[in-house]
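Residue-level structure breakdown
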Amino acid sequence: MSGRRIFNEFLHQSKIHKNVSHIRFVDLAINSNINALSEFCDLMIENRGNNMSGIYWSGDAIIHPGMTKELLLKMSKAGCVGIGYGLESGSENVVKAIGKHFSICTAEDVIRNTHNANIKSSVNIITGFPTETEEDFEQTIKLIKRNREYVDEIRLTFI
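A brief look at the structure comes next. The structure presented is a predicted model; accordingly, all values stated were derived computationally and were not measured.

**Thoughts on the environment of Q139**
Of note, Q139 is situated in helix α6 (residues 134-146). Those residues in contact with Q139, other than ones at most four positions away along the chain, are G90, S91 and E92. At a separation of 3.4 Å, a polar atom in the side chain of Q139 contacts the side chain of S91.

In structure tokens:
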């Protein structure tokens, strides 16, 4: 959907459910289209003083280099209060085996930038993936320790 269509749906739902102050997007990724996300944020900011004041939102996102400091600050200004990322592992080997298309360096930048934009972040971690070694698991522990002040929640999946 376009950013405008998402905004219009958001506006529609906020009018129907006047007592709701937080809308969580339940989708694979709120950032699967960075341009649409940016457009949605622009419209939310533009309407923040009108019908949208006091309404906040969150959702899951892909770790992606397009999640820049600037976009995350815009998202925060637009009312985003939380993002869940499918990190899965702190090991490049496991991330690639799962089929993710990001580097651990990019992941750490995105997580830190999310926190610095005043957006709570959660990370999904998978442990016991068939190709995961003890060393891979240790890399995940180290990543979590390095970023503990930037991560608000860890969601674990055991395979």
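**What to know about the packing of aromatic side chains**
All chains considered together, the criterion is met by five aromatic pairs. Ring geometry for F25 versus W57: centroids 5.8 Å apart, planes at 90°, classification edge-to-face. Of this pair, F25 sits in strand β1 (residues 22-25) while W57 sits in strand β2 (residues 56-61), placing them 32 residues apart in sequence. These aromatic residues form a ring-pair network of at least three members: F10, F25, F40 and W57. The positively charged end of R48 is found above the aromatic ring belonging to Y56, 5.0 Å away from the centroid.

**A word on the environment of T131**
You can see T131 is positioned in the loop between β4 (120-127) and α6. With 92 residues separating them in the primary sequence, T131 and E39 have C-alpha atoms 39 Å apart.

**A look at the side chain of S122**
By secondary structure assignment, the location of S122 is in strand β4. Note on S122: relative accessible area 4%, which makes it buried. A polar atom in the side chain of S122 sits 3.1 Å from the side chain of R155. Once residues lying within four places of it in the same chain are set aside, the contact partners of S122 are I83, G84, Y85, E153 and R155.

**Brief notes about the pairing of β4**
Most of β4 is tucked away, with seven of its eight residues classed as buried. Following the backbone out of β4, through α6 and into the adjacent parallel strand β5 (residues 153-158), one traces a crossover that is right-handed.

**Points about the pattern of salt bridges**
Two side chains of opposite charge can pair, provided their charged atoms sit close to one another. Within this structure, the stated rule accounts for eight salt bridges. The partner of K74 in a salt bridge is D42, and the shortest N-O contact between them spans 2.9 Å. Linking K74 in helix α3 (residues 69-77) with D42 in helix α2 (residues 34-46), this pair joins segments that are 32 residues apart in sequence. With a relative accessible area of 22%, K74 lands in the partly exposed category. Classification of D42 as partly exposed rests on a relative accessible area of 37%.

**Considering the sheet that holds β1**
The sheet built from five strands is open, its strands ordered β1-β2-β3-β4-β5 with parallel pairing. Looking at which strands have only one partner, the edges of the open sheet turn out to be β1 and β5. Shown here is a sheet whose adjacent strand axes are inclined to one another by a mean of 15°, direction ignored. In this sheet, β2 lies alongside β1 in parallel orientation, the contact comprising four bridges. Opposite F25, over in β2, you have G59 as the bridge partner. Contacts from helix α5 (residues 104-116) reach β3 (80-88) and β4 within the one sheet, and its direction differs from that of β3 by about 165°.

Conventions and cut-offs
Residues numbered from 1 in each chain as written. Predicted model: local features only at pLDDT ≥ 70, side-chain atom pairs only at ≥ 80, totals over all residues. Heavy atoms only, no water. Helix = DSSP H or I, 4+ residues; strand = E, 2+ residues; numbered from the N terminus. Contact = heavy atoms within 4.5 Å. Polar contact = N/O pair within 3.5 Å; in protein donor to acceptor, adjacent residues only side chain to side chain. Phe/Tyr/Trp six-rings, centres within 6.5 Å; stacked < 30°, edge-to-face > 60°. Lys NZ or Arg CZ within 6 Å of the ring centre and 35° of its normal. Buried < 20%, exposed > 50% of the residue type's maximum accessible area, 1.4 Å probe, protein only. Right-handed = clockwise from strand over helix to strand, strands pointing away. Salt bridge = Lys/Arg side-chain N within 4 Å of Asp/Glu carboxyl O. Pairing = 2+ DSSP bridges. Axes fitted to C-alpha atoms, helices over the stretch in contact; angles between N-to-C directions.

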